[in-house]
Amino acid sequence: MDPSEALQYTPLYDDHVSRGARMVPFGGWSMPVQYTGIIEEYWQCRKSTALFDICHMGEIIVHGDHAIDVLEKIVTCSLASLGVNRCRYGLMLNTLGGVVDDLIVFRLSDNKYLLVVNAANTRKDLAHIQQFLHGQASCQDISAKIGKLDLQGPLAREVLEALCPEVSKLRYFQCDEFFLLDEPCWISRTGYTGELGYEIFYPWAKTKILWQKILENDKVKPAGLGARDVLRIEMAYSLYGHEISDDITPLDAGLEAFLDFRKDFIGKPALLEKSNRSVAQEIIYFVSDDRRSPRQGHKIFSLDQMVIGEVTSGTFSPALEKGIGIGRVVAPRKDVGEKIYFGTQANFWPGRSVQKPFYQNGSLKQ
Amino acid sequence: MANQEEYFFTKEHEWVYFEDNVAVVGVAEYAQNALGDITYVELPEVGEDVEQFEQFASVESVKAASDIFAPISGKIMEVNKKLEASPELINKSCYEKGWIAKIQPADLNEKNNLMSQEEYTQFLEGLDT
């Protein structure tokens, strides 16, 4: 994204401002970072239900008889086995194995797929996909027509059922078309928080009506990107620009689980070559010994105070009441429980590597 | 707690008031609001000497870390230990329960380098425009 370009606004901008939200630029968009406070909004999501404005994210439709062939080639996970009304997380790679974007692929019908991509990458993704279109396959950026609300939290199902009883049939990573306030929309049972939740793809021009309707339920409160980031780090989910980027391969980002080496995909030859080299990197998850938080860009040191890597994401964890971090380090590291330090050369503090996710008690699959 | 009129302020939004020749210091409402939820406070050491307008503590919020500067030079007499387990006291009560440290002032003339409540209020108005 060109930073000189004007900020874009979601259909909820005025509503956010009227609720006293603190607006910040994010991925080319003016987005709410918090309304009342990040930690309060965090607990709202963990204990009740929070509603997030995610209208900035990109939506791309790939359809036609050869859509599946194109997608199998450009997305790293297996999609041939993806049934209608199912969705799957995967990555698009460049020929060097770097990550163009991470995305969720929804199979809407036999030959129609919805790709949900990062806001700042939408244009790049579209150009990338267009390079590989062939036969009866076409793609279309529908981001401007589609608003997106994420309803996340242990009470999300009962909140949404009150407006759309049929939604209760959706199981984890299923999606379908529904009518919500008489508008057709797609709803998936997915999210980025570790809690039971739904992503709602709604007509852009009507999204404000839906947003306000859902917020009439006193079990729901709006939550901003600040809380969203804490929730995703506690779940050890990757974020583009942190754990992954054009220059980082999924092998260096701990995302092997989303690569299907039984098929051919763009970037696979580069990954195979790189997996043979002696110096590799890996992702570690670590907890600070106290409340002090690691920050993106902090160095990570071994016990003998040698630099072994860098923090990719860090925050304070309200659930653990400690700082938590994700970092990329030179492999191989010892098992979980290794003592490390994080910080700068001048000031660094102790922590210990742990198993992901940091937060284990989410309602995700309830 | 002192009357609001007895507080002095820095441009970095620290406050100080003087009680029996001891300076009680903390961060002002503007700073706690800008920082958001405070999750960690690094307190100075008791007995440490600090210089006016030099960093003597730091606070972390969910999003970032920020330095706190001493409004006056002197020796740290006492620190607010409650902030170690409850850093949110700064958000809830920045002028009272969220005080950071008590300093034995080295030179009370340094007050002249600080803003009075009235001057600080004008300073804040200037920031908003």
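The numbering scheme is per chain: residues are counted from 1 as the chain's sequence reads. Whichever chain is written first is A, and whichever ligand is written first is 1; the rest continue in order. Local features in this predicted model are restricted to residues whose pLDDT is 70 or higher, and side-chain atom pairs enter the listing and the counts only when it is 80 or higher, whereas totals over whole chains, interfaces and linings include all residues. Excluded from the side-chain calculation are hydrogens and water; included are all heavy atoms of the structure.

S.K.: Give me the lowdown on the environment of Lys73(A), citing residues and values where you can.
M.R.: Residues and elements named next belong to chain A. For lysine 73, the position within the fold is in helix H3 (residues 67-74). To sort residues, take the accessible area from a 1.4 Å probe on protein chains only and compare it with the maximum for the residue type: under 20% means buried, over 50% means exposed, and anything in between is partly exposed. A relative accessible area of 41% places lysine 73 in the partly exposed class. Note: C-alpha distance between lysine 73 and isoleucine 266 (193 residues apart in sequence) is 6.0 Å. Any two residues having at least one pair of non-hydrogen atoms within 4.5 Å are treated as being in contact. Each residue touching lysine 73, except ones within four places of it in the same chain, is listed here: Asp264, Phe265 and Ile266. Numbering of helices and strands starts at the N terminus; helices are DSSP runs of H or I of at least 4 residues and strands are runs of E of at least 2.

S.K.: Which residues make up the interface of chain B and chain A, and what values go with them?
M.R.: With 17 residues of chain B in contact, the opposing surface of chain A contributes 16 residues. Across the chain B to chain A interface the summed buried area is about 1,300 Å²; carbon plus sulfur atoms make up 43%. Note on definitions: buried area is the accessible-area loss of two parts on being combined, 1.4 Å probe, summed for both. When the buried surface of chain B facing chain A is broken down by residue, Tyr40(B), Val62(B) and Lys63(B) rank first, second and third, together holding 41% of it. The term salt bridge refers to a pairing of a side-chain nitrogen on Lys or Arg with a carboxyl oxygen on Asp or Glu at a separation within 4 Å. Seen at the junction of chain B and chain A, the total is two salt bridges. Residue Glu42(B) pairs with Arg292(A) through a salt bridge whose shortest N-O separation is 3.4 Å. Side-chain atoms alone can form a polar contact between residues adjacent in sequence; in general such a contact is a pair of N or O atoms within 3.5 Å, and within protein one must be able to donate a hydrogen while the other accepts it. Across the contact surface, chain B and chain A share 12 residue pairs in polar contact (both at pLDDT 80 or more).

S.K.: Help me get a handle on the sheet that holds strand S8 (residues 74-79) of chain B, residues and values and all.
M.R.: All names here are of chain B. Strands are treated as partners if at least two bridges between them are detected by DSSP. One open sheet accounts for seven strands, arranged S5-S8-S9-S3-S2-S1-S10; its pairing is antiparallel. Strands with a single pairing partner mark the edges of an open sheet, and in this sheet they are strand S5 (49-50) and strand S10 (115-116). Relative to strand S9 (residues 101-105), S8 runs antiparallel, the two being bridged by five bridges. The residue bridging isoleucine 76 from the neighbouring strand is isoleucine 103, located in S9.

S.K.: Account for the sheet that holds strand S18 (residues 322-330) of chain A, with residues named and values stated.
M.R.: Residue and element names in this part refer to chain A. Sheet architecture is closed into a barrel: six strands sit in the order S15-S18-S17-S16-S19-S20, paired in antiparallel fashion. When strand polarity is set aside, the average angle formed by the axes of neighbouring strands in this sheet is 45°. Sheet topology note: the strand S16 (residues 299-301)/strand S17 (residues 307-317) ladder contains three bridges and is antiparallel. Bridge pairing in S17 links phenylalanine 301 to valine 307. Convention adopted: a line fitted to C-alpha atoms gives each axis, helices being fitted over their contacting stretch, and angles between N-to-C directions are expressed from 0 to 180 degrees. The sheet strands contacting helix H7 (residues 225-234) are S17 and S18, and the helix crosses S17 at an angle near 125°.

S.K.: With reference to specific residues and values, describe the domain arrangement of chain A.
M.R.: Note on interface size: it is often stated as the accessible area lost on association of the parts. Residues and elements named next belong to chain A. In this document the domain limits rely on a domain assignment from an automatic tool or a database. You can read the domains of chain A as domain 1 (8-57 + 144-234), domain 2 (59-141) and domain 3 (278-366). Relative to domain 2, the C-alpha centre of domain 1 lies at a distance of 24 Å. Listed per partner, the contact involves 16 residues of domain 1 and 18 residues of domain 2. Here domain 1 meets domain 2 over a buried area of about 1,500 Å², counting both sides, of which 63% is carbon and sulfur. Inspection of the region where domain 1 meets domain 2 yields zero salt bridges. On inspection of domain 1 and its partner domain 2, the count reaches three residue pairs in polar contact (both at pLDDT 80 or more). Only strand S10 (146-152), strand S11 (175-180) and strand S12 (183-188) provide two or more residues apiece to the side of domain 1 that touches domain 2. Residues that form the side of domain 1 that touches domain 2 fall into these classes: eight nonpolar, five polar and three charged. Throughout this entry, Asp, Glu, Lys and Arg are counted as charged residues, while Ala, Val, Leu, Ile, Met, Phe, Trp, Tyr, Cys and Pro are counted as nonpolar. The remaining residues, Gly among them, count as polar.

S.K.: Give a detailed account of helix H6 (residues 207-215) of chain A, specifying residues and quantitative values.
M.R.: For H6(A), every residue scored as buried is listed here: Thr207(A), Leu210(A), Trp211(A), Ile214(A) and Leu215(A). Along the axis of H6(A), the buried residues cluster in a sector spanning 130°; they form a single face. The directions considered for the arc are those from the helix axis to the C-beta atoms.

S.K.: Outline the packing of aromatic side chains, listing residues and values.
M.R.: Geometrically, a pair of aromatic rings is defined through the distance of the ring centres and the angle of the planes. By convention, a stacked pair of Phe, Tyr or Trp rings (six-membered ring in the case of Trp) has centres within 6.5 Å and planes under 30 degrees apart, an edge-to-face pair has planes over 60 apart, and any other such pair is tilted. What the rule picks out here adds up to 23 aromatic pairs over all chains. When the centroid spacing of 5.4 Å and the interplanar angle of 75° are considered together, the rings of Phe106(A) and Phe201(A) count as edge-to-face. A residue pair is termed long-range when its members are at least 10 positions apart, and Phe106(A) in strand S7 (residues 99-109) and Phe201(A) in strand S13 (residues 197-203) qualify at 95 residues. Given a relative accessible area of 2%, Phe106(A) falls into the buried group. Here a set of aromatic residues connected by ring pairs shows up, and it is made of Tyr7(B), Phe9(B), Trp15(B), Tyr17(B), Tyr95(B), Tyr120(B) and Phe123(B). Taking NZ or CZ as reference, Arg228(A) lies 5.9 Å from the ring centre of Phe52(A), over its face. By definition here, charges over rings are those cases where NZ of Lys or CZ of Arg is within 6 Å of the ring centre and within 35 degrees of the ring normal.

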